[in-house]
Amino acid sequence: MIDSHCHFDFPCFDVDRQQILVNCQKKNIHTILIPGTQASAWERQISLCNDTPQLAFALGLHPYFLAHFQSEHISQLGDLLLANKHQVLAVGEIGLDFAIPVDNALQQEVFEQQLLLAEAHRLPVILHHRRSHNQIIRTLKRLPVSRGGVVHAFSGSLYEAQTYIEMGFKLGIGGTITYPRAQKTREVSGQVPLSCLLLETDAPDMPPMGLQGQRNTPENLGLILDTLQELREEPIELVKQVCEQNYYDLFAGL
């Protein structure tokens, strides 16, 4: 299995990161993709992934951390994308979050600059969204990325899902689907083509049902796979294999 979105570089994993990796291997979780979040963490993130074969990385500026944004971070990001062009898999985690106290205009500006970098470097993007699907879709139509990407933690409507898919995007499916109250997301996960889905944990956030209040880890990826299989009523080996192939289709050969 592949965890296509996990913040495994966060300090909360410093005390037991290696043990978690051992546990993941026992559960056949062989690859973990770490998205970037802020300029101050990029070098540490790259070093961690270079030292650990199970880990891969993307680089980007997450809207949560834009309080620390400086204009030179965009050029720094471009330099790192070039310097690590044989290793970096995507530009991300980038996007728009209209539920946080960060200026929307600043978010939009940084989002657009990163979309331009992704296109210049022929990389897919990892999209963060909250209360912002319409604006993200409008922006992508104006500034398309030819390599597409993944809509992390997708929780929109079937129409929005289909719109992203038509634009070359896949949908990241995580712990949300394990909660019966997430009816819309569960229905969409069962209705869209399996060829459009990626498994993810978003650890240390978004723990599956029954683990509320606990630190999420990539070890929980199997719980998400099990739920996705139940929602789709397809053989679990098929769901696992296709989700892995989707990851390689999106990120391989860069």
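Turning our eyes to something else, we now look at the layout of surface pockets. In this model, the largest pocket occupies a volume close to 340 Å³. Lining the largest pocket are 19 residues, and of these Tyr64, His128, His152, Asp202 and Met206 sit closest to its centre. It is strand β5 (residues 125-130) that provides the largest number of residues to the lining of the largest pocket, a total of three residues. Split by residue class, the lining of the largest pocket holds five nonpolar, nine polar and five charged.

Topologically, Gly175 is positioned in the loop between β7 (169-173) and α7 (183-191). By relative accessible area, Gly175 is classed as buried at 1%. A sequence separation of 34 residues divides Gly175 from Met209, and the C-alpha atoms of the two residues are 7.3 Å apart. Ignoring any residue separated from it by four or fewer positions in sequence, one finds Gly175 in contact with Glu200, Met206, Pro208 and Ile224.

What follows covers the nonpolar core. With 64 residues, the main nonpolar core has Phe8, Leu59, Val125, Leu127, Tyr164 and Leu171 as its most contacted residues. The greatest single-element share of this core, amounting to five residues, is contributed by helix α4 (residues 104-120). In contact with Leu59, other than residues within four places in its own chain, are Gly36, Trp42, Gln45, Ile46, Leu77, Leu80, Leu81, Val88, Ala90, Val91 and Gly92. Core analysis: the next-biggest nonpolar cluster, separate from the first, contains twelve residues, Ile2, Ala58, Ala90 and Phe251 among them.

The rules behind these values
Residues numbered from 1 in each chain as written. Predicted model: local features only at pLDDT ≥ 70, side-chain atom pairs only at ≥ 80, totals over all residues. Heavy atoms only, no water. 1 Å grid on protein atoms, 1.4 Å probe; cavity = no way out; pocket = protein on both sides within 12 Å on 5 of 7 lines; lining within 4 Å. Points joined across faces, edges and corners; volume = space filled by probe spheres on them. Helix = DSSP H or I, 4+ residues; strand = E, 2+ residues; numbered from the N terminus. Nonpolar A, V, L, I, M, F, W, Y, C, P; charged D, E, K, R; others polar. Buried < 20%, exposed > 50% of the residue type's maximum accessible area, 1.4 Å probe, protein only. Contact = heavy atoms within 4.5 Å. Core = buried A, V, L, I, M, F, W, Y, C linked by side-chain atoms within 4.5 Å.

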